[in-house]
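Chain residues, written in single-letter form:
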Amino acid sequence: MKKIKIPHTYVILFYIILFCAGLTWFIPGGEYVKTIRENGAVTLVYEPVESVPQSWQVFSAFYKGFVDRVDIIVFILIIGGAFWIVNDSKAFDMGTAGFLKKARTFESNFLIRKIGVENFLLTSIMLLFSIFGAVFGMSEETIAFCLVLVPMAISMGYDSITGVCMVFVAAGLGFAGAILNPFTIRIAQGLAGIPLFSGIEYRMFCWLVINVFGFSWILRYAARVRKNPQLSPVYEENQYWRDLHTNQEEQIHYYTPRAAWWTYAGVILVLCFFSFFYPLTTLKIGNSVVEGLPLLPVLTVLFMISSWTALRKTVHLYILNLLFFTIFFLILGVMGYDWYIMEIATLFFALGIVAGLANGRTPDELVKLFMKGCKDILGAALVVGLAGEIIVILQDAHVIDTILFYLSRGMEGLGQVATIGMMYIIQNLINLIIPSGSAKAALTMPIMAPFSELIGLSKQATVMAFQFGDGFTNLITPTSGVLIAVLGVSRIPYEKWV
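Residues numbered from 1 in each chain as written. Predicted model: local features only at pLDDT ≥ 70, side-chain atom pairs only at ≥ 80, totals over all residues. Heavy atoms only, no water.

1. What to know about the overall build of the protein
And then number 1: Looking only at helices and strands, the protein features 22 helices and four strands.
And then number 2: The C-alpha radius of gyration computed for the protein amounts to 24 Å, which stays within 12% of the reference 23 Å derived for 498 residues, consistent with globular compactness.
And then number 3: By its C-alpha atoms, the protein is 70 × 65 × 50 Å across when sized along the principal axes.
And then number 4: Residues classed as buried in the protein amount to 51% of the 498 residues present. (Helix = DSSP H or I, 4+ residues; strand = E, 2+ residues; numbered from the N terminus. Rg over C-alpha atoms; globule rule 2.2 N^0.38 Å. Buried < 20%, exposed > 50% of the residue type's maximum accessible area, 1.4 Å probe, protein only.)

Following this line, the structure appears as structure tokens:
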């Protein structure tokens, strides 16, 4: 029997683009017009407009897709270049080997030995990222973490899918649970006219159930792949990571060049400067605000002490310490200073430069290493732009609002249970063409909330339908720039992920 050849990810996405372009010839144009009532409530009224069927525009939309996703594309290139410089120091290899060796010491604990050290490690990492997804909506940040945890998963005997599950899927499960997610719950409840972050007890219960089932499924898959690596759908693709690990397993020479001490002094000066101007941080956790925390000065002092200890041993530990504190500052920036892609990319770019200089690389060598990293990850950046074309095609044709209008009309005459089920289905379908949670909340909640009120359905249930419909579909929709970027940097073909 002839084996069916699955097309390349680029080809699959282009087929989806052609399909969407074909739909624009049959779906009438329309748009929702926002109106504000006297009581301040926002309502959307659907009005037909002239449609613009797409034909040759599928080629110009490729350019528009790149422009629309330029932030994620540039982010990927900067992350790729920065991590290539960090990888050049072989600090990751030393750190992974040391981490796994240290983890073996946990086997003396009866409970952990029963659970399994690997299961304990995977669950701990997934729980951390799930909390990040549930509390502050971690999404784009997972792209950078995949470049750390995918190679670690390979070193542990798993595959790249397991590595992505440890980061992206775990954060996605938390995003779906959305205990305090400001990008979904806050916007959706605000538009529905219910108290912000109300119903948190039930959402925490849902988050727990989602994690139990999700983690169990991931651990089951990981154990199967570890037992027989060739069962992995990406066994051939993972040869890249195995070769990368093998090529860097050569004897590591432990040393600390003078340049590393200079970078240490420079980083301390920069951190002291920011600590002086930003001595106190205000953390935003859901609807709560915690003011007056001296987090930046505390992190600065901890960095000074830990880096001094690391440098006295080897530059590799110092570079790993730089990575750890980069992650700490990332979390602090996101929760305390509303950081987004630009600030995060800047942080990792600085990490790459400091790590390269600490490793004794000249400016010319840094540029060459950075370019190699960009070249190595360019495919992931290109596929993000291609996925963005799908949304551009539907937007330019003015059919997205029409699709939502006819889907919402399908709820008329249904009972409460059937209505909430239909809302969930609609949110899933809409998420295929509008992967942004905040944008989808702004579009769908002014329609769903008043409708649920008319039939006596709880608005909290309507918000939950939006929350689940937005969260779960993010793990598979080809229009999600984050998903496509994560798969790209992890070298997982989209068709195999599906």
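2. Description of empty space enclosed by the protein
And then number 1: Evaluated as defined, the whole model comprises one cavity of 30 Å³ or more.
And then number 2: Volume-wise, the largest cavity comes out at about 30 Å³.
And then number 3: In terms of lining, the largest cavity is formed by Leu100, Ala103, Arg104, Val117, Glu118, Leu121 and Met156.
And then number 4: Within the residue set of the lining of the largest cavity, elements represented by two or more residues are helix 4 (91-103) and helix 6 (117-136).
And then number 5: Sorting elements by how many residues they give to the lining of the largest cavity places helix 6 first, with three residues.
And then number 6: Of the residues contributing to the lining of the largest cavity, the split by class is five nonpolar, no polar and two charged. (1 Å grid on protein atoms, 1.4 Å probe; cavity = no way out; pocket = protein on both sides within 12 Å on 5 of 7 lines; lining within 4 Å. Points joined across faces, edges and corners; volume = space filled by probe spheres on them. Nonpolar A, V, L, I, M, F, W, Y, C, P; charged D, E, K, R; others polar.)

3. Examining the layout of surface pockets
And then number 1: In this model, the largest pocket occupies a volume close to 1,100 Å³.
And then number 2: Residues belonging to the lining of the largest pocket are distributed by class as follows: 29 nonpolar, 10 polar and six charged.
And then number 3: Estimates place the volume of the second largest pocket at around 940 Å³.
And then number 4: Contributing to the lining of the second largest pocket are 43 residues, with Ile434, Pro435, Ser436, Gly437 and Ala439 lying nearest its centre.
And then number 5: Elements with a minimum of two residues in the lining of the second largest pocket: strand 1 (30-36), helix 3 (70-88), helix 8 (160-177), helix 16 (363-396), helix 17 (400-409), helix 19 (437-454), helix 20 (459-473) and helix 21 (481-490).
And then number 6: The residue inventory of the lining of the second largest pocket, partitioned by class, reads 21 nonpolar, 14 polar and eight charged.

4. A look at a nonpolar patch on the surface
And then number 1: A cluster of nonpolar side chains, Tyr202, Phe205, Leu208, Val209, Val212 and Phe213, forms an exposed patch at the surface whose accessible area comes to about 640 Å².
And then number 2: Of note, Phe213 is situated in helix 10 (residues 200-227). (Patch = residues over 30% accessible without salt bridge, like charges linked within 9 Å, V, L, I, M, F, W, Y side chains within 5 Å. Areas by Shrake-Rupley, 256 points an atom, 1.4 Å probe, with all protein chains shown as cover. Salt bridge = Lys/Arg side-chain N within 4 Å of Asp/Glu carboxyl O.)

5. Section: the packing of aromatic side chains
And then number 1: One pass over the structure, following the stated rule, counts 23 aromatic pairs.
And then number 2: Their ring planes at 50 degrees and their centres at 6.4 Å tell us that Tyr264 and Trp308 sit as a pair that is tilted. Within this pair, whereas Tyr264 is found in helix 12 (residues 258-277), its partner Trp308 is found in helix 13 (residues 295-311), the two being separated by 44 residues in sequence.
And then number 3: Exposure remark for Tyr264: the relative accessible area of 9% places this residue in the buried category.
And then number 4: Judged by centre distance (6.4 Å) and plane angle (20 degrees), the ring pair of Phe274 and Tyr278 falls under stacked.
And then number 5: One aromatic cluster is present, built from ring pairs that chain together Trp261, Tyr264, Phe303, Trp308, Phe325, Phe328 and Phe329.
And then number 6: A cation sits over an aromatic face here: Arg220 above Trp217, 5.1 Å from the ring centre.
And then number 7: Positioned above the aromatic ring of Tyr158 is the side chain of Arg226, whose terminal nitrogen or guanidinium carbon lies 5.6 Å from the ring centre. (Phe/Tyr/Trp six-rings, centres within 6.5 Å; stacked < 30°, edge-to-face > 60°. Lys NZ or Arg CZ within 6 Å of the ring centre and 35° of its normal.)

6. Thoughts on unusual backbone geometry
And then number 1: Residues other than glycine seldom take positive phi values, yet Lys90 does so here, at roughly 65 degrees.
And then number 2: In this model, His398 sits at a positive phi of 60 degrees, which is unusual for a non-glycine residue.
And then number 3: You can see His398 is positioned in the loop between helix 16 and helix 17.
And then number 4: In this structure His398 comes out as partly exposed when scored by relative accessible area, which is 34%.

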